[in-house]
Structure formats: structure tokens, C-alpha cells
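# Summary of the model geometry
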Amino acid sequence: ERTRAERGRDISIDINIAFEESVFGVERAVLIAKTCTCETCAGSGAQKDKGFASCSSCNGSGRVRETHTSIFGTLNSVRECAECRGEGKIPKAMCAECRGVGVVKRQEEIAIRIPSGINDGEVIRLSRMGEAVPHGISGDLYARIHVATHSVFKRDGSNLIADLHIKLSDALLGAEYALPTIDGGKITLKIPAGVS
């Protein structure tokens, strides 16, 4: 029995989003060239209608026993069968798409949901979306998010902050200013008389 499955490499990408998208959240589709599990054979390496046969190299056990003779005596060792990769079975007919490997190199479009309120530099992890390996577990995909700066707003935790420059006369006597909102609307801000 195999003790530990191999794991594919992790992939790291960078995604740039607008300030507004960081506030409200957004879904992005990214196109990545990577090693993927073969869809034709579902990673088995065999033609679907042909099935598997017992491995002749290890007699279906998945392990090969080796005996080495040296000056220290006879040494016995057991290793994973290289023909069937420890599976104990081999395809009767190889998959035409992946040639029996179980993985293929191709471009894959992956949808990444970026949640609302994400900060610049945060990383989103998508499990099992990295590189695939034959008869193993795919790695993970890590997306580092870069948020563009906004011309009006800054973030302070979950709050939005904007600087408003007013005339001295408006600060003394009071006034009303129209301010844009992050969703494209406008609000009227009343400046009280004598504000500092």
C-alpha cells in the first residue's frame, strides 16, 4: 500500500484590481498554462472502455523485492514498482490524450472570487488548482491581490476616508459640498459654521 501520495507544485499569481472592486468584491477569470489531470481518462492513464490488467513486474502487489549480495552479506529491500508506480495495475490500452501518464499540459481558465473588503497584498488560496502529478494530489493556487489606489478615497479598516479641502470662508460661515460616493452616487455634506 502507498504510504504518501505525491503532490503537485503550487502556483503563485498576481491579480491587479481597482479600488472599487476591493470594496464590493469581484470575480476574475485567469488563464493559466499548467499540468492538469487528463479529462479523457480522468487521470487513470487508461482508455475508459479497456480497463486495467495486473502489473506483470510486481504481480499486482505494487512492490518489487530486490536482493543484493555484497561483502557484508545478502541485503533484501522492497521498493515501489516503477512500471505501475505502486498501483499494482497497468492500463490494458493507454489513453490517447495523455499517453498513459494521466496528466496533460494545457491552458485552463480558472474563476477566482475576490471577496469584498480585501486588502492590498492579501493572498487567496484555491486548493487543488495548482500543478497536477500522475496518480497524486494537485498543488494549490495562490493569488496575491494588488489593489490600485483611488483618487478620492483611502481605507482605514472597514471605513472609507476622503480628504475635503474647503475655503476659509466656508469654514467660518458654513456651507454644503457635494461629495462622490464609492458606488458612483453623490451625497451632500453640510459644513457647520466655525468648523476647524
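Residues numbered from 1 in each chain as written. Predicted model: local features only at pLDDT ≥ 70, side-chain atom pairs only at ≥ 80, totals over all residues. Heavy atoms only, no water.

### Brief notes about the sheet that holds strand β9 (residues 141–147)
Formally: Paired strands, as defined in this entry, are two strands with at least two bridges between them according to DSSP. Each helix is a run of H or I in the DSSP string that is no shorter than four residues. Each strand is a run of E no shorter than two, and both are numbered from the N terminus. Here an axis means a line fitted to C-alpha atoms, over the contact stretch when the element is a helix, while the angle between two N-to-C directions is reported on a 0 to 180 degree scale.
Ordered in space as β1-β9-β8, the three strands form an open sheet in which the pairing is mixed. Across the chains shown, the open sheet's two edge strands, defined by having one partner strand only, are β1 (11–17) and β8 (123–126). Looking at each pair of strands side by side, their axes are set apart by 25 degrees on average, direction ignored. Two strands pair when backbone bridges link them, and β8 and β9 are joined in this way by four bridges, in the antiparallel orientation. The partner of Leu 126 across the bridge, within β9, is Leu 141.

### Brief notes about the pattern of salt bridges
Under the convention used in this document: When a carboxyl oxygen of Asp or Glu is within 4 Å of a side-chain nitrogen of Lys or Arg, the pair counts as a salt bridge.
According to the stated counting rule, one finds nine salt bridges in the structure shown. Taking the shortest distance from any N to any O, the salt bridge between Arg 106 and Glu 39 comes out at 3.1 Å. Of the two residues, Arg 106 is situated in strand β7 (residues 103–114) and Glu 39 in the loop between β2 (26–37) and β3 (52–54); the sequence distance between them amounts to 67 residues. Note that Asp 140 and Arg 125 form a salt bridge whose closest N and O atoms lie 3.0 Å from each other. Of the two residues, Asp 140 sits in the loop between β8 and β9 while Arg 125 sits in strand β8, which places them 15 residues apart along the sequence.

### Section: unusual backbone geometry
Backbone geometry at Ala 42 places phi at a positive 60 degrees, although glycine is not the residue there. With respect to the helices and strands, Ala 42 occurs in the loop between β2 and β3. Its identity as a non-glycine residue notwithstanding, Asn 59 has a phi of 55 degrees, on the positive side. Among the structural elements, Asn 59 can be located in the loop between β3 and β4 (63–70).

### A word on the packing of aromatic side chains
Selection criterion: Geometry of aromatic contacts follows a simple scheme: Phe, Tyr and Trp rings, the Trp one being its six-membered ring, pair when their centres are within 6.5 Å, and the pair is stacked under 30 degrees between planes, edge-to-face over 60, tilted otherwise. Working rule: Lys NZ or Arg CZ, within 6 Å of ring centre, within 35 degrees of ring normal, means a charge sits over the ring.
A complete count under the given rule lists zero aromatic pairs for this structure. One residue, Lys 89, lies across the ring of Phe 52, its end atom 4.9 Å from the ring centre.

### Remarks on the pairing of strand β12 (residues 175–180)
Our working definition: With a 1.4 Å probe rolled over the protein chains alone, any residue whose accessible area is under 20% of its type maximum counts as buried; one over 50% counts as exposed, and the rest are partly exposed.
Along β12, the buried face is formed by Ala 175, Tyr 177 and Leu 179; none of Glu 176, Ala 178 and Pro 180, which line the opposite face, is buried. Adjacent in sequence and paired antiparallel, β12 and strand β13 (residues 186–191) are bridged by five residues, among which Gly 184 carries a positive phi angle near 95 degrees.

### Considering a nonpolar patch on the surface
Where we set the bar: Distance thresholds for patches are 9 Å for like charges and 5 Å for nonpolar side chains (Val, Leu, Ile, Met, Phe, Trp, Tyr), applied to residues having over 30% relative accessible area and no salt bridge. Accessible areas in this description were obtained via Shrake-Rupley with a 1.4 Å probe; residue shielding takes into account the shown protein chains only.
Residues Leu 164, Ile 166, Leu 189 and Val 195 make up a contiguous nonpolar surface patch of roughly 240 Å² in combined accessible area. Considering the arrangement of structural elements, one finds Leu 189 in strand β13. Taking the relative accessible area as the measure of exposure, Leu 189 reaches 31% and is therefore partly exposed.

### Some remarks on the environment of Asp 120
Short version of the rule: By the convention used here, residues are in contact when the closest approach between their heavy atoms is within 4.5 Å.
The topology assignment puts Asp 120 in the loop between β7 and β8. Between the C-alpha atoms of Asp 120 and Ile 13, which are 107 residues apart in sequence, the distance is 14 Å. Not counting chain neighbours up to four residues away, the residues in contact with Asp 120 comprise Ile 145, His 146 and Val 147.

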